[in-house]
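The residues making up each chain are set out below.
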Amino acid sequence: MKAIRRFTVRPVLPDPLQPLSDLARNLRWSWHPETRELFQAVDPEIREAAERDPVRLLGAVSAGRLAELARDEQFLHRLTEATQDLRDYLEGPRWYQEQLGLGAELPAAVAYFSPEFGVTAALPQYSGGLGILAGDHLKAASDLGVPLVGVGLLYRHGYFRQSLSRDGWQQEHYPVLDPNELPVTLVREADGTPSRVVLALPGGRSLHAHIWLARVGRVPLLMLDSDVEENAPGEREVTDRLYGGGSEHRLLQEMLLGIGGVRAVRTYCRLTGHPEPEVFHTNEGHAGFLGLERIRELSGTGLDFDSAMEAVRAGTVFTTHTPVPAGIDRFDRELVARHFGDDGELPGVSAERILQLGTETYPGGEPGLFNMAVMGLRLAQRANGVSTLHGSVSREMFAGLWPGFDPAEVPITSVTNGVHAPTWVAPEVFRLRNRYGGTPGRWDSATEVPDRELWELRRSLRGQLVTEVRERLHASWRARGSEPAELGWIDSVLDPDVLTIGFARRVPSYKRLTLMLRDRDRLRELLLHPDRPIQIVVAGKAHPADDGGKRLVQELVRFSDDPRVRHRIVFLPDYGMAMAQKLYPGCDVWLNNPLRPLEACGTSGMKAALNGCLNLSVLDGWWDEWFEPDFGWAIPTADGLALDEDRRDDLEAAALYELIEDRVAPRFYDRGGDQALPGRWIEMVRRTLGTLGPKVLADRMVCEYVERLYAPAAHARRALDPPTARRLADWKARVRAAWPRVAVDHVEAVAPTAADGSAELGSTLLLRVRVALGVLEPDDVEVQAVAGRVDAADGISDGRLFPLKPAGGQDLDGRWLYEGPLALDRTGPYGYTVRVLPAHPLLATGAELGLVALPAETVGDGAGVLMR
């Protein structure tokens, strides 16, 4: 029979045990070993539940056991210590407060919006790297004391659970998540009624949402939930699942995240006294509508749209995570228009102005589509990619939004991702570090650990992974329909003494899950080598709508089902945080072979490195930035060649096999010396831990965000009070209107050049430039010379800027004369050009308006001086 109503019966804890509830509902337990150990002691019989979800644990413990614990003086002492430790963590000063004490001008608070958050397996609101990164961002912000407020959605089905059919086809299951059984609490008004946000929908309908609060250490995470009684059935399902549904479903999710999220933040701050955020961080374009809600808020104070947008832009940071246009959410313009304006959300804000923000105005753009990343960039004064290479790729990808500027000058910087060490580093690794005097955040003790201890640690972790793999593989085969009597072979799957390679991630085609299968005979030889065998553990989920990705999974599964190799290569379904926390420490090598440069960052290899696992990767994402031969191996790529996809895969797969066969496996099995240990391998582990480890930390990443993006954004926002915002908006409008008449009319140079047009290193050119400014004044612009090496097509690379200064008033033709020196400080082919840019103290960069005036192709004498 089916229940007509569902509800949760909460356990009643004895008074001495009440602090357990607070410990369970602050997710700091997920990265704090002492708290997890305390919960494991609550009931050793259900230890696994204690480790993965203390809230469920407390609901499963018997009343008798709780009464026994309430009389256990030793347990109560540990509980008191854990409670006090959490209180000190939540209330004591940390890095951020130290910076404030030193006089740093930092934001009072930052709101961080993301469509998914991977904080812990007990709160399954993530699908992959974007969510895990967001979770690590919150946890590192908490550890550093950064006053962050996270904002997301609470999906009643989360992301899907993955299993396999008998023939290896991915199957999806969507478990029902009851918020009352999760480590979250409902935000309520002072009178006890649930707080809610409401969005207006076309046709007079409304979208209501409750606000759930998860405490991530010091950071509140607000999650909006549309499964409330006030909604019609369609609206109740808006937050049903992560990345599900059609275009309108996704649009409503993103409206709720962005617009509803801002309203949730205002509600939370009103109820708790939390400082109002001065900076809003948009983690990918899904939350881009938050800028529109903030414009609406400011419009209510008397600012017009343009003035409000300037104030909003100043305090907004936008992070893009995708290196391919296909990864960006784009909606039909008519669909967006239908949901805004007087018959929808944000009445009083012109729907046409909203549509302009998401219009792809660059060459090749689709005029009928609304691009969420384009809107995100236009509503943020500061933007970044997530690795140095990805920043470069992003500048190329979005260069059309800043016509006239080279991609290198597109105002998108980069902050390379990091990972939260307490979440991803095995406790055994931490204990060994601490035993030899390691300090938090680095492995400066790595050089002190004897080779034997380091090698035994790696073997122990590998053995734990073997046990985990066998348990998961047995469960997977049972779910595929096998009987226990058929599965005896699983007891010999993997070997704790064999070189173990890990590969786990989402399964879009560019990550090339099956590159290892290009030459199956050669792979079998590597797996079954008589002296230097390898074993491979693979995991990953394809998007439910991606049949191509599912075929890749099936291809890998079918290969791993082969009785000849199934003891050496396995595919584990249902990849998630709980599996990953065993997988990263237990592998010797972490494999990553995407199509370069399509991996934005690829943080899984970072998590592996923090456990002493070496990377074997294409030079993409973070590995392109920090690769050294001491840390692993770089897979050669053919991305610079004009090859078809199959030919490129063949070449790169052959390079992968060669690396494993000739360099990776021999080094692992080279047991020379008196101790019969792989000394060179152990030294690579040591260097990975001690030198690479500090670079890949989320603490480093969050500090960079604070110092390079959040603090400047807060400073810019404070400078834009309403009168200043109006003046800036008026100035921009005046400059845009006048710009068609701005021109570089004449350039001449006085230089000590030889008869062949060359010049000597160290000499100086004096440039004189006449420019037309129309109705603008010299204070409205900056005139620059750009000089550097030139290629065969006279393109300037690695250019340097030389500002030119006014040299008098207007001439009789209304032109302005500018002058300045240009130092010739490089040898070889050298050239320069001159340009005019808008200039204002409140602009973040000269490229902000996307306006530039350049000389015509024919300019005055000396405009192309070359030096050899």
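Notes on the structure follow. (Residues numbered from 1 in each chain as written. Predicted model: local features only at pLDDT ≥ 70, side-chain atom pairs only at ≥ 80, totals over all residues. Heavy atoms only, no water.)

1. Focus: the overall build of the protein chain
Stated precisely, the cut-off is as follows: By the criteria applied, helices consist of DSSP H or I runs no shorter than four residues and strands consist of E runs no shorter than two, each listed in order from the N terminus. In this treatment the radius of gyration is a C-alpha quantity, and the globule benchmark scales as 2.2 Å times the residue count to the 0.38 power. Type-normalised accessible area, obtained with a 1.4 Å probe on protein chains alone, sets the label of each residue: buried when under 20%, exposed when over 50%, and partly exposed for intermediate values.
In terms of regular secondary structure, the protein chain is built from 28 helices and 26 strands. Relative to a compact globule of 868 residues, whose C-alpha radius of gyration would be 29 Å, the protein chain shows 30 Å and is just as compact. Taking the principal axes of its C-alpha atoms as reference, the protein chain extends roughly 95 × 70 × 50 Å. In the protein chain, which comprises 868 residues, the proportion classed as buried is 57%.

2. As for the packing of aromatic side chains
Heads up, the condition is: Any Phe, Tyr or Trp ring, taking Trp's six-membered ring, that has another such ring centre within 6.5 Å forms a pair; planes under 30 degrees apart are called stacked, those over 60 apart edge-to-face, and the others tilted. Geometrically, a lysine NZ or arginine CZ counts as sitting over a ring once it is within 6 Å of the ring centre and also within 35 degrees of the ring normal.
Across all of its chains, the model carries 18 aromatic pairs by this definition. With a centroid separation of 5.4 Å and 55 degrees between ring planes, the pair formed by Trp-455 and Phe-668 is classed as tilted. Linking Trp-455 in helix α19 (residues 451-479) with Phe-668 in helix α25 (residues 645-669), this pair joins segments that are 213 residues apart in sequence. Take Trp-455: its relative accessible area is 7%, and that puts it in the buried class. Pairwise contacts between aromatic rings join Trp-455, Trp-633, Phe-668, Tyr-669 and Trp-681 into one cluster. It is Lys-541 that lies over the ring of Phe-160; its NZ or CZ is 5.0 Å from the centre.

3. As for helix α12 (residues 305-314)
With respect to burial, α12 is a largely interior element, nine of its 10 residues being buried. Three or more residues of α12 are buried, namely Phe-305, Ser-307, Ala-308, Met-309, Glu-310, Ala-311, Val-312, Arg-313 and Ala-314.

4. Overview of the sheet that holds strand β22 (residues 764-772)
Note the following rule: Paired strands are those between which DSSP finds at least two bridges. Axis lines are fitted through C-alpha atoms, for helices just across the contact stretch, and the angle between N-to-C directions can take any value from 0 to 180 degrees.
With respect to topology, six strands assemble into an open sheet ordered β21-β22-β25-β24-β23-β26, the strand pairing being antiparallel. Bordering the open sheet on either side are β21 (743-750) and β26 (830-838), each of which pairs with just one other strand. In this sheet, neighbouring strand axes are inclined to one another by 30 degrees on average, regardless of whether the strands run parallel or antiparallel. Alignment of β22 against strand β25 (residues 816-823), held across eight bridges, turns out to be antiparallel. Within β25, the position partnered with Thr-764 by the bridge is Ala-823.

5. Overview of the packing of helix α8 (residues 129-144) against helix α27 (residues 698-719)
Using the following cut-off: These descriptions rest on fixed angle ranges, namely under 35 degrees for roughly parallel, over 145 for roughly antiparallel, 65 to 115 for roughly perpendicular, and the rest for oblique. The contact criterion used throughout is that any non-hydrogen atoms of two residues lie within 4.5 Å.
Relative orientation of the contacting elements α8 and α27 amounts to 80 degrees, with a least axis distance of 9 Å. Classified by the interaxial angle, the pair formed by α8 and α27 is roughly perpendicular. Of the residues in α27, those touching α8 at Leu-133, Asp-136, His-137, Ala-140, Ala-141 and Leu-144 are Ala-698, Asp-699, Met-701, Val-702, Cys-703, Tyr-705 and Tyr-710.

6. What about the packing of helix α20 (residues 520-527) against α25?
In plain terms, the rule: By convention, the crossing between two helices is left-handed when the near helix turns anticlockwise from the far helix through less than a right angle, and right-handed when the turn is clockwise. Gly falls in the polar group here, along with every residue not listed as nonpolar (Ala, Val, Leu, Ile, Met, Phe, Trp, Tyr, Cys, Pro) or charged (Asp, Glu, Lys, Arg).
Orientation of α20 relative to α25, taken along the N-to-C sense of each, is 15 degrees, at an axis distance of 11 Å. In terms of their interaxial angle, α20 and α25 are classed as roughly parallel. When the axes of α20 and α25 are compared, the crossing they make is left-handed. Between α20 and α25, the contacting residues are Arg-522, Leu-523 and Leu-526 on the first element and Ala-654, Tyr-657, Glu-658, Ile-660 and Glu-661 on the second. Its residues assigned to classes, the contact of α20 with α25 comprises five nonpolar, no polar and three charged.

7. What about helix α6 (residues 73-91)?
To be explicit about the condition: A helix is expected to reach a length of 1.5 Å times the quantity of its residues less one. Directions pointing from the helix axis toward each C-beta atom define the arc. We call two N or O atoms a polar contact when they sit within 3.5 Å, provided that within protein one can donate a hydrogen and the other can accept it, with sequence-adjacent residues counted only if both atoms are side-chain atoms.
Compared with an ideal rise of 1.5 Å per residue, which puts 19 residues at 27 Å, α6 spans 27 Å between its outermost C-alpha atoms and is within 8% of the ideal. Of all the residues in α6, the buried ones are Phe-75, Leu-76, Leu-79, Ala-82, Thr-83, Leu-86 and Tyr-89. Burial along α6 is one-sided: seen end-on, the buried residues are contained in an arc of 145 degrees. Across α6 from its buried face, at more than 90 degrees, point the exposed residues Glu-73, Gln-74, Thr-80 and Glu-91. Those residues of α6 that are buried lie in contact with α1 (19-25), α2 (33-42), α5 (63-70) and α8. The distance from a side-chain oxygen at the start of α6 to the backbone nitrogen of Gln-74 is 3.1 Å, and the residue carrying that oxygen is Asp-72.

8. Structural notes on the sheet that holds strand β15 (residues 499-504)
Two orientations exist for strands paired in a sheet by backbone hydrogen bonds: parallel and antiparallel. Sheet architecture is open: six strands sit in the order β17-β16-β15-β18-β19-β20, paired in parallel fashion. Each end of this open sheet is capped by a strand with a single partner; those strands are β17 (569-572) and β20 (632-635). Neighbour-to-neighbour, the strand axes of the sheet open up by a mean angle of 20 degrees, direction not taken into account. Both β15 and strand β16 (residues 534-539) contribute to a ladder of six bridges, which runs parallel. Note on β16: the bridge partner recorded for Gly-502 is Val-537. The sheet contacts of α20 involve β16 and β17, and relative to β16 the element is tilted by about 115 degrees.

9. Observations concerning the nonpolar core
Selection rule: Throughout, nonpolar core names a set of buried Ala, Val, Leu, Ile, Met, Phe, Trp, Tyr and Cys residues whose side chains join them through atoms within 4.5 Å.
Grouped together as the largest cluster of nonpolar side chains are 101 residues, with contacts concentrated most on Leu-499, Met-516, Ile-536, Leu-616, Trp-633 and Trp-681. With residues near it in sequence (within four places) discarded, Leu-616 still touches Val-589, Trp-590, Leu-591, Asn-592, Trp-633, Ile-635, Leu-656, Leu-659 and Ile-660. With 96 residues, the next largest nonpolar core counts Leu-199, Leu-256, Leu-257 and Phe-340 among its residues.

10. A closer look at the pattern of salt bridges
Once their charged atoms are close, side chains differing in charge can pair, the charge on each being opposite to the other. The test is simple: Take a side-chain nitrogen of Lys or Arg and a carboxyl oxygen of Asp or Glu: if they are within 4 Å of each other, that pair is a salt bridge.
The final tally for this structure, using the stated rule, is 60 salt bridges. For Glu-278, the salt bridge identified is with Arg-718, shortest N-O distance 2.8 Å. Taken together, the positions of Glu-278 in the loop between α10 (247-272) and β9 (279-283) and Arg-718 in helix α27 put the pair 440 residues apart, joining distant regions of the chain. The partly exposed category is assigned to Arg-718, whose relative accessible area is 41%. Among the salt bridges present, the one from Asp-745 reaches Arg-815, with a minimum N-O distance of 2.1 Å. Taken together, the residues span a long stretch of sequence, with Asp-745 in strand β21 and Arg-815 in the loop between β24 (796-810) and β25 at a distance of 70 residues. One salt-bridge network, in which partners are shared between bridges, spans Arg-156, Asp-225, Asp-227 and Arg-236.

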